[in-house]
There are 4 protein chains.
Amino acid sequence: MRTFEQYVEKLRGMRPNVYMGGKLVPRDDPAFMPGINTIGITYNLVNDPQYRDLVTATSHLTGETINRYNHIHQNTEDLLKKQKMTRLLCHKAGRCIQRCMGIDAMNALSVVTKDADLEHGTNYHERFLKFLHYFQENDLVANCAQTDVKGDRSLRPFEQQDPDQYLRVVEKRADGIVVRGAKAHNTIAPYTDEIIAVPTRAMTKNDTDYAVAFAIPADTEGLYLISVAHNQRRRKEFHAPIANAGAAHSITVFDNVFVPWERVFLCGETKQAGQLASLFATYHRHSYTGCKPAMTDILMGATALVAEYNGVEKASHVRDKLAEMITVAELVYAAGIAASVCGKRAASGTCVPDVVYTNVARYHAGVNIYHEFETLADIAGGLAATLPREEDFVNPETKGFLEKYIMRKADVPAEKVHRCYRLIENLISSEPGAASQISGIHGGGSPIMEKIAIRAMYDLESKKEIAKYLAGIVD
Amino acid sequence: MRTFEQYVEKLRGMRPNVYMGGKLVPRDDPAFMPGINTIGITYNLVNDPQYRDLVTATSHLTGETINRYNHIHQNTEDLLKKQKMTRLLCHKAGRCIQRCMGIDAMNALSVVTKDADLEHGTNYHERFLKFLHYFQENDLVANCAQTDVKGDRSLRPFEQQDPDQYLRVVEKRADGIVVRGAKAHNTIAPYTDEIIAVPTRAMTKNDTDYAVAFAIPADTEGLYLISVAHNQRRRKEFHAPIANAGAAHSITVFDNVFVPWERVFLCGETKQAGQLASLFATYHRHSYTGCKPAMTDILMGATALVAEYNGVEKASHVRDKLAEMITVAELVYAAGIAASVCGKRAASGTCVPDVVYTNVARYHAGVNIYHEFETLADIAGGLAATLPREEDFVNPETKGFLEKYIMRKADVPAEKVHRCYRLIENLISSEPGAASQISGIHGGGSPIMEKIAIRAMYDLESKKEIAKYLAGIVD
Amino acid sequence: MRTFEQYVEKLRGMRPNVYMGGKLVPRDDPAFMPGINTIGITYNLVNDPQYRDLVTATSHLTGETINRYNHIHQNTEDLLKKQKMTRLLCHKAGRCIQRCMGIDAMNALSVVTKDADLEHGTNYHERFLKFLHYFQENDLVANCAQTDVKGDRSLRPFEQQDPDQYLRVVEKRADGIVVRGAKAHNTIAPYTDEIIAVPTRAMTKNDTDYAVAFAIPADTEGLYLISVAHNQRRRKEFHAPIANAGAAHSITVFDNVFVPWERVFLCGETKQAGQLASLFATYHRHSYTGCKPAMTDILMGATALVAEYNGVEKASHVRDKLAEMITVAELVYAAGIAASVCGKRAASGTCVPDVVYTNVARYHAGVNIYHEFETLADIAGGLAATLPREEDFVNPETKGFLEKYIMRKADVPAEKVHRCYRLIENLISSEPGAASQISGIHGGGSPIMEKIAIRAMYDLESKKEIAKYLAGIVD
Amino acid sequence: MRTFEQYVEKLRGMRPNVYMGGKLVPRDDPAFMPGINTIGITYNLVNDPQYRDLVTATSHLTGETINRYNHIHQNTEDLLKKQKMTRLLCHKAGRCIQRCMGIDAMNALSVVTKDADLEHGTNYHERFLKFLHYFQENDLVANCAQTDVKGDRSLRPFEQQDPDQYLRVVEKRADGIVVRGAKAHNTIAPYTDEIIAVPTRAMTKNDTDYAVAFAIPADTEGLYLISVAHNQRRRKEFHAPIANAGAAHSITVFDNVFVPWERVFLCGETKQAGQLASLFATYHRHSYTGCKPAMTDILMGATALVAEYNGVEKASHVRDKLAEMITVAELVYAAGIAASVCGKRAASGTCVPDVVYTNVARYHAGVNIYHEFETLADIAGGLAATLPREEDFVNPETKGFLEKYIMRKADVPAEKVHRCYRLIENLISSEPGAASQISGIHGGGSPIMEKIAIRAMYDLESKKEIAKYLAGIVD
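Residues numbered from 1 in each chain as written. Chains lettered and ligands numbered in written order. Predicted model: local features only at pLDDT ≥ 70, side-chain atom pairs only at ≥ 80, totals over all residues.

The subject of this paragraph is the overall build of chain A. The number of helices and strands found in chain A is 16 helices and 14 strands. Projected onto its principal axes, the C-alpha coordinates of chain A cover approximately 75 × 70 × 50 Å. Among the 475 residues that make up chain A, the fraction classed as buried is 65%. Restricting to contacts in chain A with at least 6 residues of sequence separation, those with at least 24 account for 76%. (Helix = DSSP H or I, 4+ residues; strand = E, 2+ residues; numbered from the N terminus. Buried ≥ 20, exposed ≤ 12 C-beta atoms within 10 Å, placed from the backbone. Contact = placed C-beta atoms within 7 Å.)

Residues and elements named next belong to chain B. For Met449, the location among the structural elements is in helix α14 (residues 447-457). Residue classification places Met449 among the partly exposed positions, given that 19 C-beta atoms sit within 10 Å. When the C-alpha positions of Met449 and Ala281 are compared, they lie 9.6 Å apart, and in sequence the two are 168 residues distant.

The subject of this paragraph is the packing of helix α5 (residues 100-120) of chain D against helix α8 (residues 270-310) of chain D. Residue and element names in this part refer to chain D. Across the interface, α5 lies against α8 with an axial gap of 8 Å and an inter-helix angle of 145°. The crossing of α5 and α8 is right-handed. Seen from α5, the contacting residues are Cys100, Asp104, Ala105, Asn107, Ala108, Val111, Val112, Asp115 and Ala116; seen from α8, they are Gln272, Gln275, Leu276, Leu279, Phe280, Tyr283, His284 and Ser287. Here the residues of the contact of α5 with α8 sort into ten nonpolar, five polar and two charged. (Axes fitted to C-alpha atoms, helices over the stretch in contact; angles between N-to-C directions. Left-handed = near helix turned anticlockwise from the far one by under 90°. Nonpolar A, V, L, I, M, F, W, Y, C, P; charged D, E, K, R; others polar.)

For the rest of this paragraph, the subject is the environment of B:Glu9. Take B:Glu9: it is sitting in helix α1 (residues 4-12). Sequence separation between B:Glu9 and B:Asp28 is 19 residues; the distance between their C-alpha atoms is 9.3 Å.

Let us look at the relation of the copies chain A and chain D. For the match of chain A to chain D, the screw axis carries a shift of 0.0 Å, the RMSD comes to 0.0 Å, and the turn is 180°. The two molecules are tied by a two-fold rotation axis, judged by turn and shift. The rotation axis passes nearest to the C-alpha of A:Glu431 in chain A, at a distance of 2.3 Å. Take the interface residues of chain A: 100% of them recur as interface residues in chain D, which is what a same-surface contact looks like. (Least-squares fit on C-alpha atoms with pLDDT ≥ 70 in both.)

Looking now at the interface of chain A and chain D. Contacts between the two partners involve 67 residues from chain A, matched on the other side by 67 residues from chain D. Of all the secondary structure elements, the ones that give two or more residues to the side of chain A that touches chain D are β10 (223-231), β11 (246-260), α10 (355-380), α11 (383-386), α12 (396-405) and α14 (431-442) of chain A. With nine residues, α14(A) is the single largest residue contributor to the side of chain A that touches chain D. Of the residues assigned to the side of chain A that touches chain D, the class counts are 30 nonpolar, 24 polar and 13 charged.

The biggest cluster of nonpolar side chains holds 673 residues, and the ones touching the most others in it are A:Ala335, B:Ala335, C:Ala335 and D:Ala335. Contacts of C:Ala335, omitting those with residues within four sequence positions, involve C:Thr289, C:Tyr357, C:Val360, C:Ala361, D:Leu331, D:Ala334 and D:Ala335. (Core = buried A, V, L, I, M, F, W, Y, C linked by C-beta atoms within 7 Å.)

Moving on, we get to the sheet that holds β11(A). Residue and element names in this part refer to chain A. Spatial strand order, β2-β1-β10-β11-β7-β6: six strands in an open sheet with mixed pairing. Bordering the open sheet on either side are β2 (23-25) and β6 (168-172), each of which pairs with just one other strand. Taken over all neighbouring pairs, the strand axes of this sheet differ in orientation by 30° on average, direction set aside. Note that strand β1 (residues 18-20) and β2 share three bridges and pair antiparallel. The residue bridging Tyr19 from the neighbouring strand is Leu24, located in β2. (Pairing = 2+ DSSP bridges.)

Residues and elements named next belong to chain D. The strand order across the open sheet formed by four strands is β5-β8-β9-β12, and the pairing between neighbours is mixed. Edge positions in the sheet fall to β5 (142-145) and β12 (264-267), since each has one partner strand and no second. Strand-to-strand twist of the sheet, defined as the mean angle between neighbouring strand axes without regard to direction, takes the value 20°. Pairing of β5 with strand β8 (residues 194-197) involves four bridges; the strand directions are parallel. Across the sheet, residue Ala145 finds its bridge partner in β8, namely Ala197.

This part takes up the domain arrangement of chain A. All names here are of chain A. Each assigned domain of chain A is listed with its residue range as follows: domain 1 (4-269) and domain 2 (276-466). Contacts between the two partners involve 50 residues from domain 1, matched on the other side by 40 residues from domain 2. Of all the elements in the fold, those that place two or more residues in the side of domain 1 that touches domain 2 are α4 (76-93), α5 (100-120), β10 and α7 (241-244). When residues of the side of domain 1 that touches domain 2 are assigned to their parent elements, the largest contribution, eleven residues, is made by α5. Taken together, the residues of the side of domain 1 that touches domain 2 break down into 22 nonpolar, 17 polar and eleven charged. (Domains from an automatic or database assignment.)

With that out of the way, let us pick up the packing of α10(A) against helix α8 (residues 316-341) of chain B. For the pair α10(A) and α8(B), the least separation of the axes is 9 Å and the interaxial angle reads 105°. By the angle between their directions, the pair α10(A) and α8(B) is classed as roughly perpendicular. For the pair α10(A) and α8(B), contact is made by A:Val356, A:Tyr357, A:Val360, A:Tyr363 and A:His364 and by B:Thr327, B:Glu330, B:Leu331 and B:Ala334, respectively. Classifying every residue of the contact of α10(A) with α8(B) by side-chain character gives six nonpolar, two polar and one charged. (Parallel < 35°, antiparallel > 145°, perpendicular 65-115°, else oblique.)

Let's shift gears to helix α11 (residues 396-405) of chain B. Taken as a whole, α11(B) has its buried residues at B:Thr398, B:Phe401, B:Leu402 and B:Tyr405. Axial view of α11(B): buried residues confined to an arc of 95°, hence all on one face. In the core, the buried residues of α11(B) are packed alongside β1 (18-20), β7 (176-183), β10 (223-231) and β11 (246-260) of chain C. (Arc of directions from axis to C-beta.)

Residue and element names in this part refer to chain C. Its identity is not glycine, yet Gln98 carries a phi of approximately 75°, on the positive side. Topologically, Gln98 is positioned in the loop between α4 (76-93) and α5 (100-120). The backbone of Lys150 shows a phi angle near 75°, a positive value even though the residue is not glycine. Among the secondary structure elements, Lys150 is positioned in the loop between β5 (142-145) and β6 (168-172). Assessed through the 20 C-beta atoms surrounding it within 10 Å, Lys150 is described here as buried.

The next thing to look at is α4(C). Each full turn of the α-helix corresponds to 3.6 residues, which orients residues three or four apart in the same direction. All names here are of chain C. Helix length check: α4, at 18 residues, gives a terminal C-alpha distance of 26 Å against a target of 26 Å (1.5 Å per residue), a fit within 8%. When you tally the buried positions in α4, you get 15 out of 18 residues, the bulk of the element. Residue Gly94 follows α4 closely and has a positive phi angle near 75°. (Expected span 1.5 Å × (residues − 1).)

The next subject is the confidence of the model for chain A. Across chain A, the average pLDDT comes to 97, with 100% of residues at 70 or higher. With a pTM of 0.97, the predicted complex shows an ipTM of 0.97. (pLDDT = per-residue confidence, 0-100.)

This part is about the pairing of strand β7 (residues 176-183) of chain A. Successive residues of a regular strand alternate their side chains across the two faces of the sheet. Residues and elements named next belong to chain A. Where β6 meets β7, four bridges bridge the pair, whose relative direction is antiparallel. Within β7, the residue paired with Arg168 across the bridge is Arg180. Across eight bridges, the pairing between β7 and β11 is antiparallel. Within the sheet, the bridge partner assigned to Ile177 lies in β11 and is Val259.

Put into structure tokens, the structure is as follows:
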């Protein structure tokens, strides 16, 4: 397995194709370091005895010990461990751990390449396994580029006035394919090794050119990563883990990018394109059954802490709201457990979580995220928004006043109160905090997408039959 | 195992001590038959090949095949099966299947009698196992009488002006104890074999007389069952399963009732009294992870069916609301699965579901029940409330008009629409329907009780530690 | 003005055409008396000095003092008074006061007949004023029959396979018209003097036959009132106002009913048909800004009372929930006030409440009604559903037990606790209680209808302009 | 009346006592200009014929035309106009207009100084009127410093270990008083003329030193304004009004500040201190009945615009969510209207809005604010968070890609879509956006404070009487 330093070293050697703030920037730009540090947690904990068992796995390909973020789930236990790992590592980052995309895309590809081969006699699965071998051996990080920019939302891919609004094959050559289009919201793309492109939706027969999936290095010729970073204000004196983590996202432009055949995993199979879109979503939503409870844990922990410091932790409305936060976290996590233990193995041998439990979990997390921020804001009070900057706590002219007047209970020193509110400001009154609300809704699919998945997968007819039976209706 | 007929026959032979509507009534009073029929489902399905595996179990005491409603859960698989059985049998009844109380009380007693013996050197567990043997062998039905009438809610048991407001031991004799008090909301008590009394709350050292648990036949001298039944209006022509099931409840008065020692399972052990109160609640709430999804299935099925008959099943708001009903049902059920698979064996060998997952599941069900009724009312429209009585659909002067004007889509006959709305009227616009909303909140413990359990059992300190870590706070 | 006795006397003299439970029944059938008594409140309070000013008005036609339920609103003050009267009288009834339909239909007709005349040169308004004169002079009660049975919901009136699924003109004669069809959910129809039929929806050019409005006596030849009554269980000993009020509804069948021209108020004017449908809804929803807060007052009062009797009135969650009930009641009432003071006079001189404020008020009431029942159920506890029947509180064998064990605080006698729970049972655990939830959603138009009205009437474009201005977008 | 330029000129001449980011900064620091510009709207619109009538009033003291933000409400019409003015001016600012604090504090003082005089024979009201004269004549801006830092929340002012945790009188001199303490969350303090200090809570007899109210210039010796600003990222190319407005807040330290007697409005009157705390809250919450609907208008307008640009404006879930936004905005505004028209004149002649309607309105706004942000985020999609910076839309290497791939419907140019998403980013994915959620909860008092006010002011006893009447309970 790689070290964090090897991961960063490789990033530094990549072809510069990342743009930000109007400039071409290096991959180790200071604005990306918080994101890179977040990924770093997944490398560093491999050596921590407390986490080692969770963060590593045994490759079913090679029998080698690999990072679990590169593992193909072989059984329900693997699904449970991935869920638990996700929750614990997000605690360390104080936010989304980000590396789940890779594992989710790879697992989905493992299933779909096999199914495509079974239906079409292709050899995608063999290609995939080779790529997987390389991926595990080099302990790589992958972004999954799924969401197309989509142009006019009322038109299908092939109906768009500009045909590039969904990523598509513009040329097939002997040695590979050429693709054009753009994928949006690609978190970690600026500091990833690989970009795995998968379709964003179900396809019709007319959408053949859009039924494409592949993996390429993130600095491949023709790729443009137009990026934006969301980081906390840099700390100068009152350093803390929450301020060291961050994320960056890109609109990833594929400007006639060549992909060699051995990296192509679907090309024209519209049915499997839809299956892949849906299956990546399922795996990624299953990841959310770990990370969203973690996010609730963090918000809940901050709520409980500030309530304690303010001396209101026994107030009935505080206890009530904490119980509601617990309920959201544990319902989502419990449904993730149910999705795991009810997982089924696909033809490829990969274990797939139950789709209904996965979707109800992600849905419930998504529709509660704003309310969780609201609860912390409610209990913390206005100081979350009006806290003076760190420097005013250092300036000798103001430091004394701020330390005097930030005091709550006599036995909690001013610095602890200050640090607690700085944490809360970072969580709920900052640009990254605001952005995390939005990703809390849309990441892995918006609530409306989960509702659509739930309705599509649910056996509602059997429920009508129950009603008919009870009513004495015989068809 | 008993047949349904044997069960009813035994009821007929019991000493009359059931009062209703100002009179002493027999146990097979027509008002109790819908409740008795509901219990009957648990007897009859034993012989149905489709259900046999679920509804029976192998006694860990005798190795005999017994009704699962009399089984002590030996492993997580047993918990999963009990949850599933509960869901499926409630579908058959169109409501609460009622017999779960027995299994829940027996399992709680199996754990607590053992723990009491380990702490106090008593021999409760041996007594319990003897009773269990008798219970399984005779395939009995038990009511669990838990909720005391409680008098002044701001006072503890020993502080009440009238000391009988909580059930208590008023005399200890060589051959047994004498108890006085009353238990409320005892569903199935009028048609049960046994009444198992367990404490309703945590006890202090001063509450010793109230720390009592035992089982007695429901017609024991000194027992008065003052009952009320909730049944659907009897059908004359348009018979249907929904109208055949029902329930009755009693305030069960213990007027100096003698309990022989072999039927006494706690007597003075205040710590175990609290444990038993809480553990019965846990098992019973775990039952709710099966029955509440079943209730949602029924409401959801009726919603989907009436939407189909009305031709609005594809309307966006209908689909949306159905997806929300599915989400509630499956979150609750999923959390029940998680509670089952995370179950742990107690000293007695009995498997206990995870208490946090159990409580978040029951809480979520409880706070959504009214909204589910609302959704069905919303989609069904006012006819749920204004549907003329069955007789008007028979009277030749009005029958033609009603059949003409109840028509919706041309291909759905009037009778089906009528039956569908009659079902909905039964579910949401009837006395039993209204009562089921209330039991949907309070049965097994009100939402506020689950919140208290959640807060008590949850490791909130570890969440504060996460917040401190992220904030850089070192204690 | 009539006395209550004169009103009942007239009912007794009407032609029998009310069917219930498979039989032709008299209008003073015991099942209708609770509804009749409810209407009686509006007659009796005329003589109560405390209510006289509110319950009477001065006819703008004759200058005579009339019952406000027969008054055409001349100004915003009239709207405010009608709203207040509705709230206060519902307190007396413990439920919907029912007579508002008449005033709402008459006001809508006063506006639309004038507008129709202005556009079409018809003389509907003159006819209407003559009818109004008769109506006020005789102090009549009117049902407004609006909701057609509607057949296939996906088809317009003229598209239905059975053309009678919406009430329509089947013949025009020199002396009047003949109509056929059926109207549903006609509360008070079995004990009303007049039935006023108005259209249920917007009409297209093809729906001319369906664009019809008129008023006829409720016992007109060809009218069949197939009825159902929702009353509380009759009290024998513990009499109380809540048990004296009730309601009945009918499906009103128009089987070739002749309507003389002087009673016809629209006939073929499709545009005004839609306006009338919408305007009656607006007036009726404005009535709900009075009655729904009254319903909340009752539920809130019961909640506060039972909390006091149980000794939990200072518990934080109780106070919290009461504050939320207050908020719902007063937001709805406040929006009714705003609708009243922002009312505008139509061409006829009638004052029309603001449509947006009216609809947001009704919507908010409608989406909160189930939750209000839930709150009372939550605070009252299971006894709301399991309370033994009145007779058991009289039977000497059980009376002592029940009085002993229903006690809460020592200073609240058993009878008060019993009466309090009997009230709550009546409100939330009875057939009429369940039906009132459904009418709480659908009466005056379901929440989805209010949303449609809100969107239709709201100036959303101006809000987009604000967004464009702030974004610097120039079209 | 002053011009905007005169206002800014005066700010420049004030003694520097504003600290930010560790430095003493001038009042026209670039970070304060967006806030200053926001206040500027209230000066500039005075000359706009469209707004003049609303933004000005006639002083009841002098008969002069003054800015309405300096007016004492004489009648319900004034309350309605202030509410309407607030809504319209917030549209212009794209956020809180901020100057309402002054009018709210001055109105509260006008009432309470009079009431104190009536009870205590003091001459506060005369002092106040003199100050009001000066305030109106010079067209000043005032911050209302209400919220004390409060130390240990479980202790009253006089019980705190550090007695300065609530602002207090430390010395009374012949010419005035000396005060010490700190007030938090003082929006506009860095760019205001005056600071008006009022108590934050009800006081007991022991809190005499804390019962103090006064007004002083914001640069008075001993005042330290430790500030933080929340502004949008400065635009370089795509200028827009949303980016020009902003706000700053301070913790305002009173380090032995001298206040001459003519500026002291309460000093030791504990009863009136509580009245003033509550009355300022009432006026300020009444302001929220204008500004919160405005905030909803802006979020709703952005939601409707982005839905239109994305081609989903007719989607059922979009229309549904817009209807819900409208409902929140108009319920709050309607309750503000009701509070205005039900306003009553105090002894001083000042009109006070109805406290219950005011509080239910503010409460409803406060508990919906996060959900409104959620709705916009939901409809806008992830691009709200991942939109590249402005510079990337200018950089020739990336501009073409971004313009190609941001396209939605063919007839909406890329720049409009970009501007629309930039607005949304500013509203919901920025530091000021996040801070505005928190102020949306806590500004003018948190929801829990409104609940407390509602319960305190509401006649719940009369509702219990209704329940007793209906139950037949006679005390």
